[in-house]
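# Structural overview
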Amino acid sequence: KVYNQWCSVVRWEKTTRPFLRTMEFLWQEGHTAHATAEEAEERTIQMLNVYADFCEKVLAIPMIKGKKSEKEKFAGAHATYTIEALMHDGKALQSGTSHNFGDGFARAFDIQYTDKENKLQYVYQTSWGMTTRIIGAIIMVHGDNSGLVLPPRIAPTQVMIIPINQNKEGVMEAALRLKEKLGTYRVKVDDSDKSPGWKFSEQEMRGIPIRVEIGPKDIEANQAVIVRRDTREKIMVSLDEITAKVGETLEKMQSDMLERARVHRDTHTYSVTTMEEFEKTAAEKPGFIKAMWCGEEACENEIKDRTGATSRCMPFEQEHIADTCVCCGKPAKTMAYWGKAY
Ligand SMILES: [Zn+2]
């Protein structure tokens, strides 16, 4: 059985931060009940993958998938899985979670079903969710000093046409014709009285992926200028080919943004094998830290006290950095990602 809902939630937060930690937020939450533990685990992982794919393919944010530690997991859950992203400032953001509740809550709340043998059995439950906090991630992963940079796939406006010398005869008409021509994309024409420079800045601040500049000289030459928001690259293009070129540019920008975020994350991920290294890295280099861990909460707490970094997850993609726990020196059970987090 699957239940899914979108709703607003209110939580008592002492310190709030726009988008990332708000008292009220909109989320999507799903709950399932299964006959077996295997089915529940399968669904938990399936939903984690749905979130990770959405983040990577649509939001252009690469994710690290893994399991939360006992200390960081949802209280009462059998296991919590998470997707973790690195923001541009080197801080981590938990971006979505998927919990396998096992049959703990079913036993506590007496949630049972009748099986094929007509016997009452407890169900195995899962729960998973993603919130408007992910909007904060989009801003902090992709934004620059001029404002937002929105991935083309989610940009409410993908193309802003800005007429140059719009009062000259034929310019506004050409801009509107171009809008018509680009009708397969989400296009607007900025026909306000503001100067082109103002309009450029506004389009950049709002993160609109592409702006198309068209003025009297362009019209004469049957061309327009496409400007990418992320790289500010200017491309002169014939009006006959502009529809295909805009589509191509949006696709390219989408994949470049993911790649750039991946490179940023990977170049801000450090491996450490001693606590001295851990402390120095945490203090001087914002980013993810990979280190081996014995799995004991005492070490997790000590690492947090000494470095300010919390365990983000034990990734599905494990690496063997060392044989022993970075903190206590006992045999390591897992490699974990650590970091200062929002
Ligand atoms: Zn340890």
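In what follows, the structure referred to is the one given above.
One structure accompanies this document, and this report is about it. (Residues numbered from 1 in each chain as written. Predicted model: local features only at pLDDT ≥ 70, side-chain atom pairs only at ≥ 80, totals over all residues. Heavy atoms only, no water.)

Let's shift gears to the overall build of the protein. Broken down by element type, the protein carries 9 helices and 17 strands. The dimensions of the protein, computed from C-alpha atoms along their principal axes, are 75 × 60 × 35 Å. Taken over 342 residues, the protein has a buried fraction of 48%. Within the protein, contacts between residues separated by at least 24 positions form 64% of all contacts whose residues are at least 6 apart in sequence. Here the protein has roughly 17,600 Å² of accessible surface; of this, 51% comes from carbon and sulfur atoms. Placing the 47 positive and 50 negative side-chain charges of the protein at their respective mean positions leaves the two points 2 Å apart. (Helix = DSSP H or I, 4+ residues; strand = E, 2+ residues; numbered from the N terminus. Buried < 20%, exposed > 50% of the residue type's maximum accessible area, 1.4 Å probe, protein only. Contact = heavy atoms within 4.5 Å. Areas by Shrake-Rupley, 256 points an atom, 1.4 Å probe, with all protein chains shown as cover. Lys, Arg positive; Asp, Glu negative; His and termini not counted. Charge placed at Lys NZ, Arg CZ, Asp CG, Glu CD.)

Regular strands have side chains that alternate between both faces of the sheet. Counting buried positions along strand 16 (residues 310–315) gives 6 out of 6 residues, so the element sits mostly inside the fold. Relative to strand 16, strand 3 (residues 64–67) is paired through 2 bridges, and the arrangement is antiparallel. Residue pairing across strands places Lys 67 opposite Met 314, the latter belonging to strand 16. The pairing of strand 16 with strand 17 (residues 334–339) spans 3 bridges and is antiparallel. Residue pairing for strand 17: Thr 310 is matched across the bridge by Gly 339. (Pairing = 2+ DSSP bridges.)

Looking now at the pattern of salt bridges. As a working rule, side chains carrying opposite charge can pair if their charged atoms are close by. One pass over the structure, following the stated rule, counts 25 salt bridges. Arg 306 is the salt-bridge partner of Glu 279, the closest N and O atoms lying 3.2 Å from each other. On the criterion of sequence distance, the pair formed by Glu 279 in helix 8 (residues 275–284) and Arg 306 in helix 9 (residues 297–307) is long-range, its members being 27 residues apart. The exposure class assigned to Arg 306 is partly exposed, which follows from its relative accessible area of 34%. One salt-bridge network, held together by shared partners, links Asp 144, Glu 204, Arg 211, Glu 213, Arg 229 and Arg 232. (Salt bridge = Lys/Arg side-chain N within 4 Å of Asp/Glu carboxyl O.)

On to the environment of Ala 85. In this fold, Ala 85 is placed in strand 4 (residues 79–86). Its relative accessible area of 0% is what places Ala 85 among the buried residues. With 24 residues separating them in the primary sequence, Ala 85 and Ile 61 have C-alpha atoms 7.2 Å apart. Contact partners of Ala 85, with chain neighbours within four places excluded, come to Ile 61, Pro 62, Met 63, Lys 91, Ala 92, Leu 93, Ser 95 and Phe 288.

The element helix 3 (residues 133–142) is largely enclosed, with a buried count of 7 among its 10 residues. Buried within helix 3 we find Arg 133, Ile 134, Gly 136, Ala 137, Ile 138, Val 141 and His 142. Looking at the buried residues of helix 3, the elements they touch are helix 1 (37–57), strand 4, strand 5 (92–102), strand 8 (124–131) and helix 7 (242–267).

Right, let's get into the packing of aromatic side chains. With the rule as written, the count across this model stands at 7 aromatic pairs. Summarising the aromatic geometry, the rings of Phe 74 and Phe 101 are spaced 5.4 Å apart at their centres and angled 35° between planes, so their arrangement reads as tilted. Here the residue Phe 74 occupies a position in the loop between strand 3 and strand 4, and Phe 101 occupies one in strand 5, the gap between them amounting to 27 residues. Phe 101 gets classed as buried once you look at its relative accessible area, which sits at 9%. Both rings, one in Trp 293 and one in Trp 338, keep their centres 5.7 Å apart while their planes meet at 80°; by these two values the pair is edge-to-face. (Phe/Tyr/Trp six-rings, centres within 6.5 Å; stacked < 30°, edge-to-face > 60°.)

Read from one edge to the other, the open sheet built from 5 strands follows the order 10-9-11-12-13, with strand pairing classed as mixed. Since the sheet does not close on itself, it has two edges, and those belong to strand 10 (187–189) and strand 13 (234–238), each with one partner. For this sheet, the mean angle separating the axes of adjacent strands, direction not counted, is 25°. For strand 11 (residues 210–214) and strand 12 (residues 223–228), the ladder comprises 4 bridges, and the chain directions are antiparallel. Paired with Glu 213 across the strands is Val 225, a residue of strand 12. Strands in contact with helix 7 are strand 9 (159–163), strand 11, strand 12 and strand 13; relative to strand 12, the strand with the most contacts, it is inclined by about 10°. (Axes fitted to C-alpha atoms, helices over the stretch in contact; angles between N-to-C directions.)

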